[in-house]
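Coordinate analysis (summary)
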Amino acid sequence: MASHGVPRVFQTRTESQRLQDLAKIKRYQDLEAQIRTQAASGTYDLQLFKLTDKLLSLNPEYYTIWNIRRHCLISSVLSTIPDQRVSDAGEQITDVCRQNLDEDVLQSELAFVMPLLKAAPKCYWIWKYRQWILMQTVLRLSVTVPRHEWEKELGLTSWLLSKDGRNLHAWSYRRFVVAKLESDELQGQSLVEDEFAYTKKKLFGLNLSNFSAWHNRSQLIPRLLRERHADDETRAVFLKGELDIARQGLNVAADDQSLWYYHRFLISQITNPVDSFAPALTLADRIACLRYEIAELEDLLDDYDAVGLVYEDLLDYSLALERLEKGKERANVRNCLLSWLAKLRVLDPMHVGRWEDMESEIKQHLN
């Protein structure tokens, strides 16, 4: 049996290895019991904090231990955040000392998490804990210090995505970091242009098959156009340009689902003007644009007649066009739709119920 093309190799363990594994399991269980017993007593001190070091290094997926570590930090490692800042010189000195100590602790935490994140870059609990630590820098430190830490964090996401450009955790975390860097709390400014350019770099410079990058791009577009103060004509041109980009990708990788999702997002901007980033398109413009895209997809069948995704979207887009045209049947459109549907039944028999529903819709609209 193989996973991702790599065959699994089964090795026989010796008795000595088995005994060593049992000893490791016993040490792990004893450590876990010690942590749980002390946490149950409510004593979240430095000793317990250090015990979580050991267990999380062995098992970073253990989210309960991350929560215990948070309690230890708040209870005994980090200082208490004062309710009010007073102007007395002595209090100011104390506050500076508190911030310096907290800064050291928080940077140490970020350093502790880093090797765990490298070893398990798709572990939810490591990402959540790192988010929490970064938020503590905003709560506890003067604005210039946390901003520097958050800027470094943006660099970290770039590094992680250079290793695995499709790591959805890293993409989600990047959006979180960018939002905070843009916030008033960190005296931020918009990064939408930079982030849009970043999606282009990740897609066209490296890998078109990157759903997360396409998703990020789709999320950025409405805000990008708003901040550019784009008028109706500019928005229409922008939509056409994005359709050209998606279509160029489909011409070389029509079986790539991520490209189809992005193309569907763009088509939704034509068929649903209420939520469109180009809402001023006239009905005639939308019909002409949709007809053009359908014709281009039909041309794909010359090279990709066994790719079900082409037929699926030809059906969806053609039915959307019929709704825009209010049921005005084009020549042979019904026969084309039923022909494409018959092909899908062969290529994808697992979704027979969906194809039956679509057949009913075709007959309803085009009879």
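Attention here is on the structure that accompanies the text. (Residues numbered from 1 in each chain as written. Predicted model: local features only at pLDDT ≥ 70, side-chain atom pairs only at ≥ 80, totals over all residues. Heavy atoms only, no water.)

1. Describing the overall build of the chain
The test is simple: Helix and strand definitions follow DSSP, with helices as H or I runs of at least four residues and strands as E runs of at least two, each counted in order from the N terminus. Exposure is judged per residue with a 1.4 Å probe applied to protein chains only, and the accessible area is read against the type maximum: over 50% gives exposed, under 20% gives buried, and values in between give partly exposed. For this analysis, residues touch if any pair of their heavy atoms sits within 4.5 Å. Only the protein chains shown count as cover for residues, and all accessible areas are computed by the Shrake-Rupley method using a 1.4 Å probe. Only four residue types enter the charge count, namely Lys and Arg as positive and Asp and Glu as negative; His and the chain termini do not. To locate a charge, take NZ of a lysine, CZ of an arginine, CG of an aspartate or CD of a glutamate.
When its secondary structure is counted, the chain shows 15 helices and two strands. Principal-axis analysis of the C-alpha atoms gives the chain an extent of 80 × 65 × 35 Å. The buried share of the chain, reckoned over its 367 residues, is 42%. Of the contacts made within the chain by residues no fewer than 6 positions apart, 62% connect residues no fewer than 24 positions apart. Summed over its atoms, the accessible surface of the chain is roughly 20,400 Å², and 53% of this surface lies on carbon and sulfur atoms. Averaged over its 47 positive side-chain charges, the chain has a centre that lies 5 Å from the centre of its 53 negative ones.

2. What about the pattern of salt bridges?
Here is the rule we go by: Think of a salt bridge as a Lys or Arg side-chain nitrogen and an Asp or Glu carboxyl oxygen that are within 4 Å of each other.
One pass over the full model with this rule turns up 26 salt bridges. A salt bridge links K122 to D164, with the shortest nitrogen-to-oxygen separation between them at 3.5 Å. Here K122, found in the loop between α4 (89–119) and α5 (124–140), pairs with D164, found in the loop between α6 (144–163) and α7 (168–181); they are 42 residues apart in sequence, far enough to count as distant. Residue K122 is classed as partly exposed on the basis of its relative accessible area, which comes to 47%. With its nearest N and O atoms 3.9 Å apart, the salt bridge here joins D316 to R354. With D316 in helix α13 (residues 308–324) and R354 in helix α15 (residues 352–366), this residue pair connects regions lying 38 residues apart in the sequence. The network of salt bridges with shared partners includes R264, E312, D313, D316 and R354.

3. Quick notes on the state of the cysteines
Rules: When the sulfur atoms of two cysteines come within 2.5 Å, that pair is taken as a disulfide.
All chains considered together, the criterion is met by zero disulfides. Free of any disulfide, C72 has its nearest cysteine sulfur in C123, 19 Å distant. Overall, the relative accessible area of 0% leaves C72 in the buried class. Summary of cysteine pairing: C289 is not part of a disulfide, and the nearest cysteine sulfur, belonging to C336, is at 20 Å. Residue classification places C289 among the partly exposed residues on the basis of a relative accessible area of 22%.

4. Let's talk about the packing of helix α10 (residues 232–252) against helix α12 (residues 283–300)
A pair of packed helices is captured by two measures, namely the crossing angle of their axes and the spacing between those axes. Just so we agree on the cut-off: Interaxial angles span 0 to 180 degrees and are taken between N-to-C directions of axes, which are lines fitted to C-alpha atoms, for helices over the stretch in contact. The scheme is simple: roughly parallel for angles under 35 degrees, roughly antiparallel for over 145, roughly perpendicular for 65 to 115, oblique for anything else. In this count, Pro and Cys sit with the nonpolar residues alongside Ala, Val, Leu, Ile, Met, Phe, Trp and Tyr, while Asp, Glu, Lys and Arg are called charged and the others, Gly among them, polar.
At a minimum axis separation of 11 Å, α10 and α12 run at an interaxial angle of 10 degrees. The angle between the axes of α10 and α12 places the two elements in the roughly parallel class. Taking contact as the criterion, the partners of L243, R247, L250 and N251 in α10 are, on α12, C289, Y292, E293, E296 and L300. When its residues are assigned to classes, the contact of α10 with α12 shows five nonpolar, one polar and three charged.

5. Focus on the environment of G205
Checked against the element boundaries, G205 lands in the loop between α8 (192–204) and α9 (211–227). The sequence separation of G205 and W66 amounts to 139 residues, and the corresponding C-alpha distance is 38 Å.

6. Describing a negative patch on the surface
Quick note on the threshold: Patch membership needs two things, relative accessible area over 30% and no salt bridge, and members are linked within 9 Å if like-charged or within 5 Å if nonpolar (Val, Leu, Ile, Met, Phe, Trp, Tyr).
On the surface, a cluster of negative charge is contributed by E298, D299, D302, D303 and D305. Position of D299 among the secondary structure elements: in helix α12.

7. Observations regarding helix α11 (residues 257–271)
Cut-off, in case you're wondering: Helix span is expected to be 1.5 Å times the residue number reduced by one.
Taking 1.5 Å per residue as the helical rise, α11 with its 15 residues ought to reach 21 Å, and the 21 Å between its terminal C-alpha atoms agrees with that figure. Those residues of α11 that fall on the buried side of the exposure criterion are S258, L259, W260, Y262, H263, L266, I267, Q269 and I270. Where α11 is buried, its residues contact α9, α10, α12 and α13.

8. Quick look at the side chain of R140
Let me state the cut-off plainly: As used in this structure description, the phrase polar contact means that two N or O atoms lie within 3.5 Å; if the pair is within protein, one of them must be able to donate a hydrogen and the other to accept it, and residues adjacent in sequence are counted only when both atoms belong to side chains.
Structurally, R140 can be placed in helix α5. Engagement of the side chain of R140 in a polar contact is seen with the backbone oxygen of S79, the distance being 2.6 Å. Here the side chain of R140 touches Q136 through a polar contact of 2.9 Å, side chain to side chain.

9. Examining the environment of L314
Assignment of secondary structure puts L314 in helix α13. Those residues in contact with L314 that lie beyond four places of it in its chain are I294, L297, E298, L301, L337 and W340.

10. Remarks on the packing of α6 against α7
Here is the rule: Each crossing is labelled by how the near helix is turned from the far one, with a counterclockwise turn of less than a right angle marking it left-handed and a clockwise turn marking it right-handed.
The interhelical angle for the contact between α6 and α7, taken along N-to-C directions, is 155 degrees, at an axis separation of 10 Å. It follows from the interaxial angle that α6 and α7 lie roughly antiparallel. Read as a crossing pair, α6 and α7 show a hand that is left-handed. Taking contact as the criterion, the partners of R147, W150, E151, E153, L154, T157, S158, L160 and L161 in α6 are, on α7, A170, W171, Y173, R174, F176, V177, V178, K180 and L181. Residues belonging to the contact of α6 with α7 are distributed by class as follows: 11 nonpolar, two polar and five charged.

11. Things to note about unusual backbone geometry
Backbone geometry at Q187 places phi at a positive 55 degrees, although glycine is not the residue there. By secondary structure assignment, the location of Q187 is in the loop between α7 and α8. Notably, H229 is not glycine yet its phi reads approximately 55 degrees, a positive angle. Its place among the elements puts H229 in the loop between α9 and α10.

12. A closer look at the packing of aromatic side chains
Rule in force here: The aromatic pairing rule takes the rings of Phe, Tyr and Trp, using the six-membered ring of Trp, and pairs them if the centres are within 6.5 Å, calling planes under 30 degrees apart stacked, those over 60 edge-to-face and the rest tilted. Whether a charge sits over a ring comes down to the Lys NZ or Arg CZ being within 6 Å of the ring centre and within 35 degrees of the ring normal.
Applying the stated criterion across every chain yields a total of 16 aromatic pairs. Clustering of aromatic rings is evident, with ring pairs tying together F196, F204, W214, F238, Y262, F265 and F277. Above the face of the F112 ring, R69 is positioned so that its terminal group lies 4.1 Å from the ring centre. Across the ring face of W159, the terminal group of K118 is positioned such that the distance to the ring centre comes to 5.1 Å.

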